[in-house]
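An overview of the molecular structure
Spelled out, the chains give:
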Amino acid sequence: MQSDATEPTGALIIRTLAMPTDTNPAGDIFGGWVMSQMDIAGAIAAVERVKGRVVTVAVEAMTFIAPVKVGDVLCVYADIERTGNTSITVGLEAWVRRNRLDERTKVTEARFVYVSLDETGKKRPIPPQ
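Please read all numbers here as calculations on a predicted model, not as lab measurements. (Residues numbered from 1 in each chain as written. Predicted model: local features only at pLDDT ≥ 70, side-chain atom pairs only at ≥ 80, totals over all residues. Heavy atoms only, no water.)

1. Here we look at the overall build of the chain
Of the regular secondary structure elements, the chain holds one helix and five strands. Traced from its N-terminal end to its C-terminal end, the chain shows the element sequence β-α-β-β-β-β. For 129 residues, the compact-globule estimate of 2.2 N^0.38 gives 14 Å, and the chain sits close to it at 15 Å. If one aligns the C-alpha atoms of the chain with their principal axes, the spans along those axes are about 45 × 30 × 20 Å. Each of the 129 residues in the chain was classed as buried or not, and the buried ones make up 41%. Considering only contacts in the chain between residues 6 or more positions apart, those separated by 24 or more positions represent 70%. The distance from the centre of the 15 positive side-chain charges to the centre of the 16 negative ones in the chain is 5 Å. (Helix = DSSP H or I, 4+ residues; strand = E, 2+ residues; numbered from the N terminus. Rg over C-alpha atoms; globule rule 2.2 N^0.38 Å. Buried < 20%, exposed > 50% of the residue type's maximum accessible area, 1.4 Å probe, protein only. Contact = heavy atoms within 4.5 Å. Lys, Arg positive; Asp, Glu negative; His and termini not counted. Charge placed at Lys NZ, Arg CZ, Asp CG, Glu CD.)

The structure is reproduced here in structure tokens:
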């Protein structure tokens, strides 16, 4: 993950519109809302890779670079950074398109760890790619 990147890293997983109901008293979007969108995107990428159920077990790093504003289109990109026996680490970047224009601004980057589970909720080895 690079804070000074000019282009997103990874595949676009989620695009959503930041709404007034997601704000704090200062009018910025809550960091927790951004984090939840990133967790959803990371889980989607992890499920596609492990071909099954996953759960979030850790957020190894999360950096808020710039605020998200009402009306921004939040775009979350995911990149599989590491696949272990049962765990998978996903690098995530959140970018916004202000005023729904093409220009993007990186607002958050993070690294989430998920564990692959079987249908009974026990750890499951991740199949080879």
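2. Remarks on the pattern of salt bridges
The final tally for this structure, using the stated rule, is six salt bridges. The salt bridge involving arginine 111 is made with glutamate 81; its shortest N-O contact spans 2.6 Å. In this pair, arginine 111 is assigned in strand 5 (residues 104-117) and glutamate 81 in strand 3 (residues 73-83), connecting sequence segments 30 residues apart. The residue lysine 106 makes a salt bridge to glutamate 93 at a minimum N-O spacing of 3.5 Å. Of this pair, lysine 106 sits in strand 5 while glutamate 93 sits in strand 4 (residues 87-97), placing them 13 residues apart in sequence. On the basis of relative accessible area, lysine 106 is assigned to the buried category, the value being 6%. Glutamate 93 gets classed as buried once you look at its relative accessible area, which sits at 3%. Through salt bridges with shared partners, a single network forms among Glu93, Lys106 and Glu109. (Salt bridge = Lys/Arg side-chain N within 4 Å of Asp/Glu carboxyl O.)

3. Brief notes about the nonpolar core
Of all hydrophobic cores here, the largest spans 25 residues; its most connected members are Met38, Val68, Leu74, Val76, Val90, Leu92 and Tyr114. At the level of elements, helix 1 (31-50), strand 3, strand 4 and strand 5 are the ones that each hand at least two residues to this core. Take this core: its biggest share by element is seven residues, from helix 1. Every residue in contact with valine 90, bar those within four places of it in the chain, is listed here: Gly42, Ala45, Ala46, Ala78, Asp79, Ile80, Glu81, Ala110, Arg111, Phe112 and Tyr114. (Core = buried A, V, L, I, M, F, W, Y, C linked by side-chain atoms within 4.5 Å.)

4. As for the sheet that holds strand 5
Spatially, the five strands line up as an open sheet ordered 1-3-4-5-2, and their pairing is antiparallel. Lying at the two open borders of the sheet, with one neighbouring strand each, are strand 1 (11-17) and strand 2 (53-64). Taken over all neighbouring pairs, the strand axes of this sheet differ in orientation by 25° on average, direction set aside. Across the sheet, helix 1 touches strand 1, strand 2, strand 3, strand 4 and strand 5, and the angle it forms with strand 5 is around 50°. (Pairing = 2+ DSSP bridges. Axes fitted to C-alpha atoms, helices over the stretch in contact; angles between N-to-C directions.)

5. Overview of the packing of aromatic side chains
This model, assessed by the stated rule, comprises one aromatic pair. Measuring from ring centre to ring centre gives 6.3 Å for phenylalanine 112 and tyrosine 114, while their planes differ by 15°; the resulting arrangement is stacked. (Phe/Tyr/Trp six-rings, centres within 6.5 Å; stacked < 30°, edge-to-face > 60°.)

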